[in-house]
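# Structural overview for review
Chain by chain, the residues:
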Amino acid sequence: MPRYIGVMSGTSLDGLDIALIEQDSAIKLIATHYIPMPDTLRADLLSLCASGPDEIARSAIAQQHWVSLAAQGIHALLEQQALKPTDIRAIGSHGQTIRHEPSRGFTVQIGNPALLTELTGITVVSDFRSRDVAAGGQGAPLVPAFHEALFGERTGSRAVLNVGGFSNLSLIETDKPVAGFDCGPGNVLLDAWIHWQRGEHFDRDGQWAASGNVEQQLLSTLLSDPFFLTKGPKSTGREVFNLDWLQRHLARLPTFAPQDVQATLLELTSLTIVESLRAAQSHTETLLVCGGGAHNTTLMNRLADLLPSTHVSTTAPYGVDPDWVEAMAFAWLAHCCLEGIPANRPSVTGARGLRILGAIYPA
């Protein structure tokens, strides 16, 4: 049975998720490995998300370090499973997004796939987003087709919500093409604010947000951003939502307690998810949550409160650990590329048609 490895490094920049799957008539998760992102590499990658001096050289060096970390994790996973590189058909490497501006015709993920092939001895498939953008699409989100493959056999109307740095929805309904789009900030503003205020990388269980009160004036101001007024297909990134964006809004308003800002940011994430879901699929029976946000108890409770007629759950009861869905997706995308299977969905990205995604670096 063909085995694939998926490597995912998301906008939260907390670390690399590495998943080993077997792909036959079904998708089976075999093993996983996680490597925390070193603080120096995290800072280097964050700095590349905005213009700065000597970007080309800094990007080239940062992606060498990223690949070295990924290769280390892949070798550890192979050793753990007593497998050889020749036992793996391909690695699907998402790389690290440093710019995403489909409105200007480009999206950039760094990750030097040629070097990853050299360091692992395994064929690497990467650059999954560019072909969709070239076809007029957003290049994101790419996971709805995978969500459909995992959860599409059940009847009724379901939605899969990934909450990483940003949140995106996949809408799966019987006898309809899968739909999906980015909703807006997931953890990106919550993480940025708590790091700015308390030096912590994330708000564990949403405890700090739960200690504050939602400031309606701030919430209304944040919700006025044009992104929230548009319908899908749409995607977003750090180019739009970042700490500077938040601070510009705060500078025009009265001073709020830091924990109240955090509470308001969690409400922003919750409301933009729920309002997007209601507008696109008002009769959703089940909402399955994956990504880091699935561990935010305060966020999960708020989603359930806002969706009283929808069963809100992580993907775990449905047989898939919420921490590994995205890494599995990029392993699956490598499979699709090598098999010549189109993996984008025009109903999601707005591309002109179905496209085979990815560039192949043979071992």
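Refer to the structure presented above.
The structure presented is a predicted model; accordingly, all values stated were derived computationally and were not measured.

Before going further, it helps to spend a moment on the nonpolar core. Core analysis: the biggest nonpolar cluster contains 44 residues, and Leu169, Leu246 and Leu287 have the highest contact counts within it. By residue number, the principal contributor to this core is helix 10 (residues 258-280), which donates eight residues. Residues in contact with leucine 169, not counting those within four places in the same chain, are Pro144, Ala159, Val160, Leu161, Ala179, Gly180, Phe181, Cys183, Ile273, Ser276, Leu277 and Leu287. Of all hydrophobic cores here, the second largest spans 34 residues; its members include Ala19, Ala90, Leu150 and Phe330.

With that out of the way, let us pick up the state of the cysteines. Applying the stated criterion across every chain, the model contains zero disulfides. Free cysteine: cysteine 290, not disulfide-bonded; nearest cysteine sulfur from cysteine 183 at 12 Å.

Turning to helix 5 (residues 144-151), a few remarks are in order. Burial analysis of helix 5 places six of its eight residues in the buried class, which makes it a mostly covered element. Listed as buried for helix 5 are Pro144, Ala145, Phe146, His147, Leu150 and Phe151.

Considered for burial, the residues of helix 1 (residues 39-47) that qualify are Leu41, Arg42 and Leu45. The buried residues of helix 1 all sit within an arc of 100° when viewed along its axis, so they share a single face. Facing away from the buried surface of helix 1 by more than 90 degrees, the exposed residues are Asp39 and Thr40.

A word on the environment of serine 276. Within the fold, serine 276 resides in helix 10. Between the C-alpha atom of serine 276 and that of asparagine 301, which follows or precedes it by 25 residues, the distance is 18 Å. Not counting chain neighbours up to four residues away, the residues in contact with serine 276 comprise Leu169, Phe181 and Cys183.

Criteria and thresholds
- Residues numbered from 1 in each chain as written.
- Predicted model: local features only at pLDDT ≥ 70, side-chain atom pairs only at ≥ 80, totals over all residues.
- Heavy atoms only, no water.
- Core = buried A, V, L, I, M, F, W, Y, C linked by side-chain atoms within 4.5 Å.
- Buried < 20%, exposed > 50% of the residue type's maximum accessible area, 1.4 Å probe, protein only.
- Helix = DSSP H or I, 4+ residues; strand = E, 2+ residues; numbered from the N terminus.
- Contact = heavy atoms within 4.5 Å.
- Disulfide = S-S within 2.5 Å.
- Arc of directions from axis to C-beta.

Purely geometric stuff here, so don't read any function into it on its own.
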